[in-house]
Amino acid sequence: DQQVKQNSPSLSVQEGRISILNCDYTNSMFDYFLWYKKYPAEGPTFLISISSIKDKNEDGRFTVFLNKSAKHLSLHIVPSQPGDSAVYFCAATHTNAGKSTFGDGTTLTVKP
Amino acid sequence: DVKVTQSSRYLVKRTGEKVFLECVQDMDHENMFWYRQDPGLGLRLIYFSYDVKMKEKGDIPEGYSVSREKKERFSLILESTSTNQTSMYLCASSLWQNGEKLFFGSGTQLSVL
């Protein structure tokens with residue numbers, strides 16, 4: 001049973017446009033969500049997070065939206081830049097879990 | 001600056017060989033993790049540890065063991081490698097806080113022939 005799903009394996013957008021990456025989860029116990037970015041031959045790096053008590057968190061060009069009733073979150077990147085081309089992983093965790101559950105990742109390509 | 005160091009970037013082993021993957025963090029983090037990343041399967045948790053000499057099984061512990069003798073060091077052991085253990089292995093650490101972000105090493109690409 002995959003508890004965190006990223007249904008789009010890949011996404012291609014034009015530079016300057018908005019990138020929207022989606023993530024769905026099934027475990028209602030999850031109360032904290034994170035996005036990581038991964039370049040080839042490097043480890044993932046933390047990008048942005050959101051607690052379940054919020055529905056939006058913004059950091060510069062990156063905004064994460066959380067819809068608890070739909071068990072859905074999304075990452076918006078505006079404007080997209082070629083350097084944003086990477087694999088993006090959604091992750092979820094819950095109080096006292098001590099660990100995160102990751103989605104399969106979405107490969108974002110931003111074309112100049 | 002925060003750092004998680006994995007001992008090898010690339011390893012090539014033959015089936016049946018024993019492999020040690022070492023990970024060291026310099027952030028005094030309580031939690032340490034081993035994940036493997038495979039195309040289309042995302043990051044899957046093998047083992048994690050929330051204290052010295054403590055370990056917990058993750059989602060795919062079969063064929064692996066771990067050791068945490070010191071707070072800063074977490075080792076992944078493959079007693080007898082098989083071809084299905086060819087993968088990218090990622091070590092990570094975090095503070096002992098719910099939802100705290102993970103800091104990852106650069107990964108070890110293991111190929112088992």
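Positions within a chain are numbered from 1, following the residues in the order the chain's sequence is written. Chain A is the first chain written and ligand 1 is the first ligand written, with later ones labelled in order. For a predicted model such as this one, the threshold for reporting local features is a pLDDT of at least 70, and the threshold for listing and counting side-chain atom pairs is 80 or more; totals across whole chains, interfaces and linings nevertheless cover every residue. The side-chain figures draw on all heavy atoms in the structure; neither hydrogens nor water molecules are used.

Asks: Please explain the interface of chain B and chain A as it appears in this structure.
Replies: By convention, interface size is frequently given as the accessible area that disappears when the constituent parts associate. Any pair of residues with heavy atoms lying within 4.5 Å of one another is described as a contacting pair. Counting residues at the interface gives 21 residues for chain B and 20 residues for chain A. Accessible area, probed at 1.4 Å, shrinks when two parts are joined; the buried area is that loss added up over both. Between chain B and chain A, roughly 1,700 Å² of surface is buried when both sides are summed, and carbon and sulfur atoms account for 58% of that area. Basic side-chain nitrogens of Lys or Arg form a salt bridge, by our definition, when they fall within 4 Å of a carboxyl oxygen of Asp or Glu. Between A:K99 and B:D59 there is a salt bridge; the shortest N-O distance is 3.9 Å. Here a polar contact means two N or O atoms within 3.5 Å. Within protein one must be a hydrogen donor candidate and the other an acceptor candidate, and residues neighboring in sequence count only if both atoms are side-chain atoms. Between the two partners, chain B and chain A, sit three residue pairs in polar contact (both at pLDDT 80 or more). Taken together, the elements giving at least two residues each to the side of chain B that touches chain A come down to β5 (31-38) and β6 (42-49) of chain B. Class assignment for the residues of the side of chain B that touches chain A results in 10 nonpolar, eight polar and three charged. Put simply, DSSP marks the helices as runs of H or I at least four residues long and the strands as runs of E at least two long, and each gets a number from the N terminus on. Under the convention adopted here, Pro, Cys and the residues Ala, Val, Leu, Ile, Met, Phe, Trp and Tyr are nonpolar, Asp, Glu, Lys and Arg are charged, and Gly plus all remaining residues are polar.

Asks: Would you mind going over the sheet that holds strand β1 (residues 4-5) of chain A with me for this structure?
Replies: Residues and elements named next belong to chain A. Between any two strands, pairing holds if DSSP finds at least two bridges. Strands sit in the order β1-β3-β8-β7-β6 across an open sheet of five strands; the sheet is antiparallel. What marks the edges here is a single partner per strand, and that holds for β1 and β6 (56-59). Of the strand pairs in this sheet, β1 and strand β3 (residues 19-25) are connected by two bridges, and their pairing is antiparallel. Counterpart to V4 in the pairing with β3 is Y25.

Asks: What is the right way to look at the nonpolar core in this model?
Replies: Within soluble globular proteins, side chains that are nonpolar generally end up buried alongside one another. Ranked by size, the top nonpolar core spans 23 residues in total, and within it A:F33, A:W35, A:L73, A:L75 and A:Y88 carry the most contacts. The set of elements that each furnish at least two residues to this core consists of β3, β4 (32-38), β5 (45-51), β7 (62-67), β8 (72-77), β9 (86-93) and β11 (106-111) of chain A. With four residues, the single largest contributor to this core is β9(A). Remark: nonpolar core denotes a set of buried residues (Ala, Val, Leu, Ile, Met, Phe, Trp, Tyr, Cys) joined through side-chain atoms within 4.5 Å. For every residue, the accessible area obtained with a 1.4 Å probe (protein chains only) is divided by the maximum for its type, and the residue is called buried under 20%, exposed over 50%, and partly exposed between those limits. One finds B:V4, B:W34, B:I46 and B:Y89 within the second-largest nonpolar core, a separate group that totals 20 residues.

Asks: Would you explain the environment of B:K57 in this entry?
Replies: Residue and element names in this part refer to chain B. Tracing the sequence through the fold places K57 in strand β7 (residues 56-57). Assessed through its relative accessible area of 57%, K57 is described here as exposed. Sequence separation between K57 and F33 is 24 residues, and the spatial gap between their C-alpha atoms is 10 Å. Ignoring anything within four residues of it in the chain, the contact list for K57 reads I46, Y47 and F48.

Asks: Explain the packing of aromatic side chains here, please?
Replies: What describes a pair of aromatic rings is the distance from one ring centre to the other and the angle between the planes of the rings. Aromatic pairs are defined between Phe, Tyr and Trp rings, using the six-membered ring for Trp, whenever the two ring centres lie within 6.5 Å; interplanar angles under 30 degrees are classed as stacked, those over 60 as edge-to-face, and all others as tilted. Per the stated rule, a full pass over the model turns up 12 aromatic pairs over all chains. With a centroid separation of 5.5 Å and 45 degrees between ring planes, the pair formed by A:Y36 and A:F102 is classed as tilted. In this pair, A:Y36 is assigned in strand β4 and A:F102 in strand β10 (residues 101-102), connecting sequence segments 66 residues apart. For A:F102, a relative accessible area of 5% corresponds to the buried category. Seen in terms of ring centroids, A:F89 and A:F102 are 6.4 Å apart; in terms of plane orientation they differ by 80 degrees. Their pairing is edge-to-face. Placement of A:F89 in strand β9 and of A:F102 in strand β10 is noted, with a sequence separation of 13 residues between them. Owing to a relative accessible area of 1%, A:F89 belongs among the buried residues under this scheme. Counting every residue linked through ring pairs, the aromatic cluster contains A:Y36, A:F46, A:F89, A:F102, B:F33, B:Y35, B:F48 and B:F104.

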